[in-house]
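# Observations on chain architecture
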Number of protein chains: 2
Amino acid sequence: MADPTKPTRRYDYVTDGTEIYRQSFATIRAESDLARFDDDTATVVVRMIHAAGDTSLAAHVHTHPRLVEAARTALNAGAPIFTDATMIGTGITRARLPQDNEVICTLRDPRTPGLAAAWQTTRSAAAVSLWADRLEGAVVAIGNAPTALFHLLEMMADGGPRPAAIVGVPVGFIGAAESKEALRDNPWDVPWLIVEGRRGGSALAVSALNALARRNELPT
Amino acid sequence: MADPTKPTRRYDYVTDGTEIYRQSFATIRAESDLARFDDDTATVVVRMIHAAGDTSLAAHVHTHPRLVEAARTALNAGAPIFTDATMIGTGITRARLPQDNEVICTLRDPRTPGLAAAWQTTRSAAAVSLWADRLEGAVVAIGNAPTALFHLLEMMADGGPRPAAIVGVPVGFIGAAESKEALRDNPWDVPWLIVEGRRGGSALAVSALNALARRNELPT
């Protein structure tokens, strides 16, 4: 292609990435009600608000008291991250991961469609059974399918492996709210983060994971 | 690994993917105010609400009257899709694309960091200049960086190539709202879709593109 050229500047906007982050986080801190979160959890919530572009999200985020500590300890020890959506795998910033942790999504594993058909469930749910061998002590990020989160909880109820921490933010109108309530109420005391209700999604899962992976260089 | 096993069913939830979609779209239709959209545009907005888990989004989506027609015509003719975020490229469902259209993100192009440094702008913005050779008649989906959208508009103002349609849903607190207003007001009549204000993001860009790529098999 031809040498790319810089267009003439015509709009008034900030082009310094560090300054954009600084101003963004300052705005979020000024406008969001973060009082009920401890400092570490608040940095996670700030990142999620940043991803959503919506300070009202703060009221809907809830976390287990040991969520941040449990996730960071696991990631620092090299635990893998399991996700239910390929977009989450793409979005997690590898440079933030403390141990080059593996990010695994089995949605497109060749075994998944057959299991889903045999078990009469969604592919997202069936894919979770393929996590079993390495799930103990791992970090889980579910940002799409309520059925994946229900399936994970059912595996745990059957005596299956226990993750170190679960970011449970599936999105939607059918089952999402209920699946997050079930995670919040999990009787095995596995630390969790949820966005209560219908809201959630890959972008929120990614922002939470990126915040848990490493403290920010910048003040958030 | 050991043969994966189906856990014992312990929660009451829908596991039929088609039924989940059907109930989801029915709920969205029942609870959202879609009266100001034509039928084709409404199916795009329904998909975006589905991705956000939030019917309140409907009030913030605005589109150019020829958006759906322009995007579908371009995609049916094989136009590429340019995005500002790798997550968008991952999320677009290839099976929905009518012509196996190429999905291109130049954020990680080796030339991008050098251009950003030389031009004193963000990598997201600099990456847009690398689209120039194939941008004429393409479909654009910007879901992350306001600077990318401003940069694209500045290229057009300099007489650069004109995309067929622009899904402009960058997210955030610094420049996002302003960049979308600038797109809405573009003087070249390039069709657009925006989420006004701070909200936006990769998931919304993906859901809009997936809806534009193909009409749904299911009633939405």
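To keep things clear, this report deals only with the structure shown in the data block. Throughout this document, residue positions are counted from 1 along each chain, in the order its sequence is written. For this description, chains carry letters from A and ligands carry numbers from 1, given in the order in which they are written. Given that the model is predicted, a residue must reach a pLDDT of at least 70 before its local features are reported, and side-chain atom pairs must reach 80 or more before they are shown or counted; all residues, however, enter totals for whole chains, interfaces and linings. Side-chain metrics rest on all non-hydrogen atoms present in the structure, leaving aside hydrogens and water.

## Considering the relation of the copies chain B and chain A
Least squares is the method for superposing the copies, and the C-alpha atoms it fits come from residues with pLDDT of at least 70 in both. Once chain B is rotated about the relating axis by 180° and shifted along it by 0.0 Å, it coincides with chain A to within an RMSD of 0.0 Å. Read as a symmetry element, the transformation amounts to a two-fold axis. Rotation axis and chain B: the residue whose C-alpha lies nearest the axis is Met 87 of chain B, separated from it by 2.6 Å. By definition in these notes, contact holds between two residues if any of their heavy atoms fall within 4.5 Å. Interface residue correspondence from chain B to chain A reaches 100%, placing this contact among same-surface, isologous pairings.

## Thoughts on unusual backbone geometry
Residue and element names in this part refer to chain B. Of note in the backbone geometry, Asp 100 takes a positive phi value of approximately 50° without being a glycine. Per-residue accessibility, obtained with a 1.4 Å probe over protein chains only, is compared with the maximum for each type, and a residue is labelled buried under 20%, exposed over 50%, and partly exposed between these values. When its relative accessible area of 65% is taken as the criterion, Asp 100 is described as exposed. For Gln 120, which is not glycine, the phi dihedral falls at a positive 50°. Note on placement: Gln 120 falls in the loop between α5 (112–119) and α6 (123–129). Using a relative accessible area of 66% as the deciding quantity, one classes Gln 120 as exposed. We count a stretch as a helix when DSSP gives it H or I for four or more residues in a row; a strand needs E for two or more, and each element gets its number in order from the N terminus.

## Description of the pattern of salt bridges
Pairing is possible between side chains that carry opposite charge, provided their charged atoms lie close to one another. Salt bridges are defined as contacts in which a side-chain nitrogen from Lys or Arg sits within 4 Å of a carboxyl oxygen from Asp or Glu. Applying the stated criterion across every chain, the model contains 20 salt bridges over all chains. Where Asp 158 of chain A meets Arg 10 of chain B, a salt bridge forms, and the shortest distance between an N and an O atom there is 2.4 Å. Here Asp 158 of chain A, found in the loop between α7 (146–157) and β5 (165–168), pairs with Arg 10 of chain B, found in the segment before α1 (17–31), and the two come from separate chains. Judged by its relative accessible area of 38%, Asp 158 of chain A falls in the partly exposed class.

## Structural notes on the interface of chain B and chain A
Each partner contributes to the interface: chain B provides 60 residues, whereas chain A provides 60 residues. Interface area, chain B with chain A, both sides summed: about 5200 Å², of which 63% is carbon and sulfur. Where chain B meets chain A, there are 6 salt bridges. When the shortest N-O distance is used, the salt bridge between Arg 9 of chain A and Glu 154 of chain B registers 3.9 Å. Nitrogen and oxygen atoms within 3.5 Å of one another constitute a polar contact, given that in protein one can donate a hydrogen and the other can accept it, and given that sequence-neighbouring residues count only through two side-chain atoms. Scanning the region where chain B abuts chain A turns up 21 residue pairs in polar contact (both at pLDDT 80 or more). Breaking the side of chain B that touches chain A down by element, the ones donating at least two residues are α1, α2 (39–52), α4 (86–91), α5, α7 (146–157) and α9 (202–213) of chain B. Three categories are distinguished: nonpolar for Ala, Val, Leu, Ile, Met, Phe, Trp, Tyr, Cys and Pro, charged for Asp, Glu, Lys and Arg, and polar for the others, with Gly belonging to the last. For the side of chain B that touches chain A, the residue count by class is 26 nonpolar, 22 polar and 12 charged. Reported buried area values correspond to the accessible surface (1.4 Å probe) lost by two parts on association, with both partners' losses combined.

## Observations concerning the side chain of Ser 179 of chain A
All names here are of chain A. Residue position: Ser 179 is located in helix α8 (residues 176–184). Owing to a relative accessible area of 0%, Ser 179 belongs among the buried residues under this scheme. There is a polar contact of 2.9 Å between the side chain of Ser 179 and the backbone oxygen of Ala 176. Apart from residues lying up to four places away in sequence, Ser 179 is in contact with Pro 146, Leu 149, Phe 150, Leu 153 and Pro 170.

## Observations concerning the environment of Ser 32 of chain B
Residue and element names in this part refer to chain B. Positionally, Ser 32 belongs in the loop between α1 and α2. According to the relative accessible area criterion, Ser 32 is buried, its value standing at 12%. Along the chain, Ser 32 and Tyr 11 lie 21 residues apart, while their C-alpha atoms are 28 Å from each other. The contacts of Ser 32, once residues within four sequence positions are left out, are Ile 49 and Thr 55.

## Observations regarding α9 of chain B
All names here are of chain B. With 12 residues, α9 should cover 16 Å at 1.5 Å per step; its first-to-last C-alpha distance of 16 Å lies within 8% of that length. Burial of α9 is extensive: 11 of the 12 residues sit out of reach of the surface. For α9, the full list of buried residues reads Ser 202, Leu 204, Ala 205, Val 206, Ser 207, Ala 208, Leu 209, Asn 210, Ala 211, Leu 212 and Ala 213. One fewer than the residue count of a helix, multiplied by 1.5 Å, yields its expected span.

## Observations concerning the sheet that holds strand β1 (residues 61–63) of chain A
Residues and elements named next belong to chain A. If DSSP finds at least two bridges between two strands, the strands pair. With mixed pairing, the 6 strands of this open sheet are ordered in space as β1-β6-β5-β4-β2-β3. Because the sheet does not close on itself, it has two edges, and the strands there are β1 and β3 (103–105). Direction aside, the axes of adjacent strands within the sheet are offset by 15° on average. Here strand β4 (residues 139–142) pairs with β5 via 4 bridges, running parallel. Residue pairing in the sheet places Val 140 in a bridge with Ile 166 of β5. Here, axes are lines fitted to C-alpha atoms. For helices the fit covers the stretch in contact, and angles between N-to-C directions go from 0 to 180 degrees.

## Some words on the nonpolar core
To form a nonpolar core, buried Ala, Val, Leu, Ile, Met, Phe, Trp, Tyr and Cys residues must be joined to one another through side-chain atoms within 4.5 Å. Counting 95 residues, the largest nonpolar core has Met 48 of chain A together with Met 48 of chain B as the members making the most contacts within it. Excluding anything up to four places from it in sequence, Met 48 of chain B contacts Leu 57, Val 61, Val 169, Leu 193, Val 195, Leu 204, Ser 207 and Ala 208 of chain B.

## Describing the environment of Arg 162 of chain A
Residue and element names in this part refer to chain A. Of note, Arg 162 is situated in the loop between α7 and β5. Taking C-alpha positions, Arg 162 is 9.8 Å from Arg 134, a pair spaced 28 residues apart along the chain. Ignoring anything within four residues of it in the chain, the contact list for Arg 162 reads Leu 135, Glu 136, Gly 137, Met 156, Trp 188 and Val 190. Side-chain polar atoms of Arg 162 contact the backbone oxygen of Met 156, separated by 3.4 Å.

## Description of empty space enclosed by the protein
Only protein atoms enter the 1 Å grid, on which a cavity is a set of points fitting a 1.4 Å probe that cannot get out and a pocket is an open set with protein on both sides within 12 Å along at least 5 of 7 lines, lining residues being those with an atom within 4 Å of a point. Grid points are joined across faces, edges and corners, and a volume is the space filled by probe spheres set on the points. Enumeration according to the criterion identifies 1 cavity of 30 Å³ or more in this entry. Considering the residues around the largest cavity, the lining is formed by 17 residues, among which Ala 52 and Gly 200 of chain A together with Ala 52, Gly 200 and Leu 204 of chain B are closest to the centre. Of all the secondary-structure elements, those providing two or more residues to the lining of the largest cavity are α2 (39–52) and α9 (202–213) of chain A together with α2 and α9 of chain B. Along the lines of polarity and charge, the residues of the lining of the largest cavity split into 9 nonpolar, 6 polar and 2 charged.

## Some details on the side chain of Thr 121 of chain B
Relative to the assigned elements, Thr 121 of chain B resides in the loop between α5 and α6. Look at Thr 121 of chain B and you get buried, because its relative accessible area is 13%. Those residues in contact with Thr 121 of chain B that lie beyond four places of it in its chain are Thr 15 of chain A together with Ala 116 and Ala 126 of chain B.

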